[in-house]
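Residue-level listing of the chains:
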Amino acid sequence: FARMFVQVCLYFYCKCLWRCLKFVVRKLTGQCELQRICYNTKPGAARTMKIEACLKGSKSKRLQTSVNVHPDAIEKTIDEIMELKRINPDINPQLGVSLQACLLQIVGYRNLIAEVEKLRREPYDSENPQHEEMLLKLWKCLKPNSPLKARISKQWCEIGFQGDDPKTDFRGMGLLGLYNLVYFAEWDTEVAQQVLTDSLHPKYREVTKKELSQLSKAEWEKKKFDKAIGYSFAIVGINITDLAYNLLVSGALKTHFYNVAPEAPTLTHFQQTFCYLMHEFHKFWIDEDPLDIMEFNRVREKFYKRILRQLQNPEMALCPHFAASESLINM
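Residues numbered from 1 in each chain as written. Predicted model: local features only at pLDDT ≥ 70, side-chain atom pairs only at ≥ 80, totals over all residues. Heavy atoms only, no water.

Participant: Run through the overall build of the chain, naming residues and quoting values.
Facilitator: What the chain contains, in helices and strands, is 16 helices and zero strands. Contacts spanning at least 24 positions in sequence make up 68% of the contacts within the chain whose residues lie at least 6 apart. Carbon together with sulfur atoms contributes 56% to the accessible area of the chain, which is approximately 18,400 Å² in total. (Helix = DSSP H or I, 4+ residues; strand = E, 2+ residues; numbered from the N terminus. Contact = heavy atoms within 4.5 Å. Areas by Shrake-Rupley, 256 points an atom, 1.4 Å probe, with all protein chains shown as cover.)

Next up, the structure:
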């Protein structure tokens, strides 16, 4: 009975009281909710997410659908919102500018999901010259001083693929996995090459007395022979692509993109985020110092939860470490 009573109260609050409160506040302040958000919340994720929630929760179908318009129709949509809310654009010029920036981000995020999904669904085709060219570019960027002897070669294992033909490793993420790896190798080459080297030859790390006291005899016997565990660079890159994809589709990356992209987030923003995640996961893996590669899923899940916690902060921007993103972050 108590649970049902609470549910009835919540329903009444959401449907009636909340709208009444908004009406009273508007009468007292002379401003609608969109105006109060734009004037009282600084630009970025905090403002855009409030605007998005306000539009989606409106009783007006026109406002609800405004978050799904085509980018070219945003200016017209802003005019319709101002007219619907009876806001004089001449008296409130900044409101239109703020709403336009927010809608560009909201619509852009939706379009980015569609673009990323299209790449993920497109399988790698060894008969496609463009696909093959990208794969060879990945090798050249990561191993510029080691020519590839043949297209089908065990050399692919040197950059972390499982066999002598990488095409089978892209099944889970399709072309998206390859696009991300190539972007990392091409635009953040020095870091990508260092991460690859560390993954092949992990650095020795001394085990502290505290860590030693927490290890069982069996764990110590295993760990004393191999205190630093490497991983397959390319396979992990495809796995981190999956992690970035899940963050994007779930909406968790809205915080980051709305704070970093001044307008519509693009595929480049997503790829830069992938580079950041690759670099951060590499450091996280070293700090976790797993007993063996079989702990990968545990470490990945722990890393995923840490990123999710960071993105819950409305002021969070993952701030990629490489030069390609510095100009965006400073805007």
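There's more to say after this.
Participant: Would you mind going over unusual backbone geometry in detail, with residue names and values included?
Facilitator: It is generally the case that most residues other than glycine have a negative phi and that most peptide bonds are trans. In this structure, Arg-86 is a non-glycine residue whose phi angle is positive, near 55 degrees. The residue Arg-86 is located in the loop between α5 (74–84) and α6 (93–121) in this model. Phi is positive for Asp-289, which is not a glycine, with a value near 45 degrees. Relative to the helices and strands, Asp-289 is located in the loop between α14 (267–288) and α15 (296–311).

Participant: Explain the side chain of Lys-143 residue by residue, including any values.
Facilitator: Checked against the element boundaries, Lys-143 lands in the loop between α7 (129–142) and α8 (174–187). Judged by its relative accessible area of 19%, Lys-143 falls in the buried class. (Buried < 20%, exposed > 50% of the residue type's maximum accessible area, 1.4 Å probe, protein only.)

Participant: How would you explain the confidence of the model for the chain if you had to name every residue and give the values?
Facilitator: Mean pLDDT over the chain works out to 86, with 82% of the residues at or above the 70 mark. The low-confidence segment residues 23–28 (pLDDT under 50) makes six contacts with residues lying over four places distant or belonging to another chain. Counted against residues more than four places away or in other chains, residues 320–331, with its pLDDT under 50, gives 24 contacts. (pLDDT = per-residue confidence, 0-100.)

Participant: An account of the packing of aromatic side chains is requested, with residue identities and associated values reported.
Facilitator: Applying the stated criterion to the full structure yields 16 aromatic pairs. Measuring from ring centre to ring centre gives 5.8 Å for Tyr-231 and Trp-285, while their planes differ by 80 degrees; the resulting arrangement is edge-to-face. Of the two residues, Tyr-231 sits in the loop between α11 (217–223) and α12 (233–250) while Trp-285 sits in helix α14, which places them 54 residues apart along the sequence. Residue class for Tyr-231 comes out buried when judged on its relative accessible area of 6%. (Phe/Tyr/Trp six-rings, centres within 6.5 Å; stacked < 30°, edge-to-face > 60°.)

Participant: Lay out the pattern of salt bridges with the relevant residues and their values.
Facilitator: For the coordinates displayed, the defined rule picks out 16 salt bridges. Put simply, Glu-80 and Arg-62 hold a salt bridge, and the shortest N to O gap is 2.4 Å. In this pair, Glu-80 is assigned in helix α5 and Arg-62 in helix α4 (residues 61–65), connecting sequence segments 18 residues apart. Ionic pairing is found between Asp-242 and Arg-300, a salt bridge with its closest N-O pair at 3.0 Å. Of this pair, Asp-242 sits in helix α12 while Arg-300 sits in helix α15, and the two are 58 residues apart along the sequence. (Salt bridge = Lys/Arg side-chain N within 4 Å of Asp/Glu carboxyl O.)

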